[in-house]
Structure formats: C-alpha cells, structure tokens
Amino acid sequence: MSDFPDFSYLQVISFPVVQLHMNRAAMTASQKDFENAMNQVKLLKKDPGNEVKLKLYALYKQATEGPCNMPKPGVFDLINKAKWDAWNTLGSLPKETARQNYVDLVSSLSSSLESSSQVEPGTDRKSTGYETLMVTSEGGITKITLNRPAKKNAINVEMYHEIMRALKAASKDDSSITVLTGNGDYYSSGNDLTNFTDIPPGGVEEKAKNSAILLREFVGCFIDFPKPLIAVVNGPAVGISVTILGLFDVVYASDRATFHTPFSHLGQSPEGCSSYTFLKIMGPAKATEMLVFGKKLTAGEACAQGLVTAVFPDSTFQKEVWTRLKAFAKLPPNAMRISKEVIRNREKEKLHAVNAEECSVLQERWLSDECMNAVVNFLSRKSKL
Ligand SMILES: CCCCCCCCCCC/C=C/C(=O)SCCNC(=O)CCNC(=O)[C@H](O)C(C)(C)COP(=O)(O)OP(=O)(O)OC[C@H]1O[C@@H](n2cnc3c(N)ncnc32)[C@H](O)[C@@H]1OP(=O)(O)O
C-alpha cells in the first residue's frame, strides 16, 4: 500500500471520495455500508484502472446527487467527458441502488483490498476474476450482478461463460440461495447482438453451430441449478434474460421493469425453455402474445401472469427485496435444496429435451434472411457495421 499513499493513484480520474460530507444524523444502515466501502477504496493495493474508477465515480455521484446534473463537457475535455458519460449512463437509477452497487463493486475488488477489521473472515467472500459480472457471497447469499451497464447488460459470449462459471461456483459454495440481478438502469437487454459479427473462418454455419452448443449449455446450468435461484429484476429485461426467468424459483421485479421477447421481430424463436415454461406459467394464449407477437409486459402484467412473483415500487425495491432475501438465507439450507429438488426434479428431463429442441431450431433461424436482416438493422442503426 505504501506505493499508493492516499489517493495518489487517482491522478487520471480524481473521484471525490475524500470530499464526502455526510449527514451523520440521517445515516442509515446502508449509508454506513456505503461509508465503509468508501473507506475500503482507500485501502486499494493497486490502481484498479480507469474503467473501474469511472464506475466508482459514477455510482458515487448517483448515490449522493442523483441523476447526472452537470452540463456535458466539450469533446476536447476528455477526462470530464469520460466522467460525465459514466455518470449520465446511470440514467434515473435510484440513489439507494447506486449506493448498493457502489458497495458491491468495492466488494468485488476485494482481492486488491487491504484486509481490514471491518471484514469478518469466513463470513464474507467475494469472487474476482470476472470481467462482465460482480459476484459476492455474504450472509448465505451469493449475488451475481450483470455488469455491463453501458451496454444495458447485453450478454456477450464472455458473459455467457462467466454466468455459467459463477453458477457452478455458487452451486458448490456455502451460500444457501443465489441471486441474479443487473447493474445500472437495465436488468439485461438480452443477447448482445454484436455476437453475430464475430464470424470464425468456418463461416456463419460454424458460428451458428457453436452458438447453439453454448446456448444449450448456458440454459442447462439454470435447469440443473440445485439451490433456490432468485431474480432481482431491477429494470427492463429483454430476450433471453426474460425467457430464463421461467427457470428461476422466485422473481422479484421493480415497477420500472418490463419484460420483452421480440423474437419474431428478430427473425428468431423462443429459447430458455420458454416454449414450455411460459405455456405452463401463463397458458398458451398469453405465452403466444409474448413469444410470437413480442408483446412487452409491464411488471404488473408479468406478475398477474405468474412470471413475476412480486412487484415493488422502484424507490423501495432494493430495501424490500433484500429484507426478504436475508430472511430466506437464514432458513436451513439443506431443507431448501431438497424441497427445490422435490418441486423441480420430475421436470428436469423434459426441460433438457425442450432446451435441446429450441437450440436446434434457433441454429437454423440464425442462418435465415429474416434474422440476418434484423440484426444488420439494429447494428447499422447503432453504427456498429
Ligand atoms: C450466427 C449466430 C450467432 C448467434 C449468437 C447467439 C448466442 C446465443 C443467443 C441466445 C438467444 C437470445 C436471444 C435474445 O436475447 S433476443 C433479444 C436481443 N436483444 C435485443 O434485441 C435488444 C437490442 N437493444 C435495444 O433494442 C436497445 O438497445 C434497448 C431497448 C435495450 C435500449 O435502448 P436505449 O435507446 O435506451 O439504449 P441504447 O440502444 O442506446 O443502448 C445503449 C448501448 O447499449 C448497446 N446495446 C443495448 N442492447 C444491446 C444488445 N442487445 N446488443 C448489443 N448492444 C446493445 C447499444 O448498442 C448502445 O451502445 P453504444 O452506446 O455503443 O451505441
């Protein structure tokens, strides 16, 4: 740590941790966590890099001041422009969520942190080594946070692999329950459409074949996940991030969340076992409206149709959900795991068969003109081609 006294490593992005003036009288428990996290940042052994510093800066500003309120800096003011962009990307993310995300991000940097007396060994474990996720394990809860907020948490190939790795680790760790959520204003915008641009020498057929194998393995991890799996849907969800909800045990949603599966618009077909689970959950007509006609549901509608367990106002979402989750995590873990097995096991074989069939249909769909045109349209609108 002596190489990095105080905040000298923050020459490029000087974020205002040290300028914090907190109203101690109004301090809440999570504000205390926030303050602890800010103290932990001071113990960083290594420069975490500008990308992480920008994320910390943005979350700090959002947590303390709310949505970006600064005029946009000029194009040549590179540093302030980068800071402004990072903050502005958080949109209308509530202060409370930003505070929580700041705490989680600091937590996920733990291997670079000086071990401190604030952290009780053995009760709080964080996994690093993820590029697209934040993973923490604390108080019996492993929390996997999709962490590409600037891309609305679109799932690129790396993220598919990292989610599988995190789920496999969570299935074996000493946590009782596992939570999947998103960082930023979106839960996830689904498959990253730039996944279609990285075509190997074997051509698009080989890409489609490998993608079908990847997708089958990815969905298989959710089918086989042994512990209670809870989705904390913090904002809009699109595509595969919606379909796999049918494989979760509980789905809590903010009233800002929406649920959209525009497969026909994209020339694609349903995955994540939704061709089976959605029909069971909401009946064929409602499932068809979503999966065939791409009807976007509000959180309230998704709850009425059984896809979502409960909806909370965005302003109290994190507080209400985490109060429940912390209580669930105190229940006997073996009883929960065995109960899940009893509830889910007789469906497993069927779900794996559905998964295989959906992936094989999609493998063909990805080669269709309808799909290619839709992807090209999106990418050219976004100037990615
Ligand atoms: C040959 C075969 C290869 C196939 C490989 C497949 C592997 C497995 C596939 C499994 C099947 C899954 C299917 C699905 O999930 S279908 C759903 C796909 N998702 C979408 O169609 C959403 C696309 N995004 C949008 O419509 C909008 O971005 C959105 C409504 C989500 C937000 O709009 P908004 O205007 O608020 O924000 P921006 O569009 O400006 O987004 C900010 C930046 O994020 C980028 N972004 C967002 N979503 C995606 C995405 N899904 N893929 C790629 N990029 C995304 C967007 O481009 C912006 O980036 P820039 O700031 O760089 O412009």
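So, how was this worked out
- Residues numbered from 1 in each chain as written.
- Predicted model: local features only at pLDDT ≥ 70, side-chain atom pairs only at ≥ 80, totals over all residues.
- Heavy atoms only, no water.
- UniProt positions renumbered as here; feature names shortened; annotations may be inferred.
- Phe/Tyr/Trp six-rings, centres within 6.5 Å; stacked < 30°, edge-to-face > 60°.
- Helix = DSSP H or I, 4+ residues; strand = E, 2+ residues; numbered from the N terminus.
- Buried < 20%, exposed > 50% of the residue type's maximum accessible area, 1.4 Å probe, protein only.
- Expected span 1.5 Å × (residues − 1).
- Arc of directions from axis to C-beta.
- Contact = heavy atoms within 4.5 Å.

By the naming in an unreviewed UniProt entry, the protein chain goes by Enoyl-CoA delta isomerase 2 and is assigned to Sapajus apella. Entered under Sequence similarities (unreviewed entry) in the UniProt record, the comment concerning the protein chain runs "In the C-terminal section; belongs to the enoyl-CoA hydratase/isomerase family." The UniProt entry for the protein chain carries this comment under Pathway (unreviewed entry): "Lipid metabolism; fatty acid beta-oxidation."

Chemist: Can you help me understand the packing of aromatic side chains in this one?
Modeler: Given two aromatic rings, one states the distance between the centres and the angle between the planes to describe the pair. All chains considered together, the criterion is met by seven aromatic pairs. Where Phe34 meets Tyr60, the ring centres are 6.3 Å apart and the plane angle is 20°; that geometry is what we call stacked. A residue pair is termed long-range when its members are at least 10 positions apart, and Phe34 in helix H1 (residues 29-41) and Tyr60 in helix H2 (residues 50-65) qualify at 26 residues. For Phe34, a relative accessible area of 2% puts it in the buried group. Judged by relative accessible area, which is 6%, Tyr60 ranks as buried.

Chemist: Got a minute to help me understand helix H11 (residues 317-329) in this structure?
Modeler: Three or four residues apart is the spacing at which side chains of an α-helix point the same way, because the helix has 3.6 residues per turn. The end-to-end C-alpha separation of H11 is 18 Å, in line with the 18 Å expected for 13 residues at 1.5 Å each. Listed as buried for H11 are Phe317, Gln318, Val321, Trp322, Leu325 and Ala329. Summarising the axial view, the buried residues of H11 lie within an arc of 95°, below the 170-degree limit, and thus occupy one face. Seen from the open side of H11, the exposed residues pointing more than 90 degrees away from its buried face are Lys319 and Thr323. Considering only its buried residues, H11 is in contact with helix H4 (95-108), strand E3 (141-146), strand E4 (177-182), strand E5 (229-233), strand E7 (250-254) and strand E10 (310-312).

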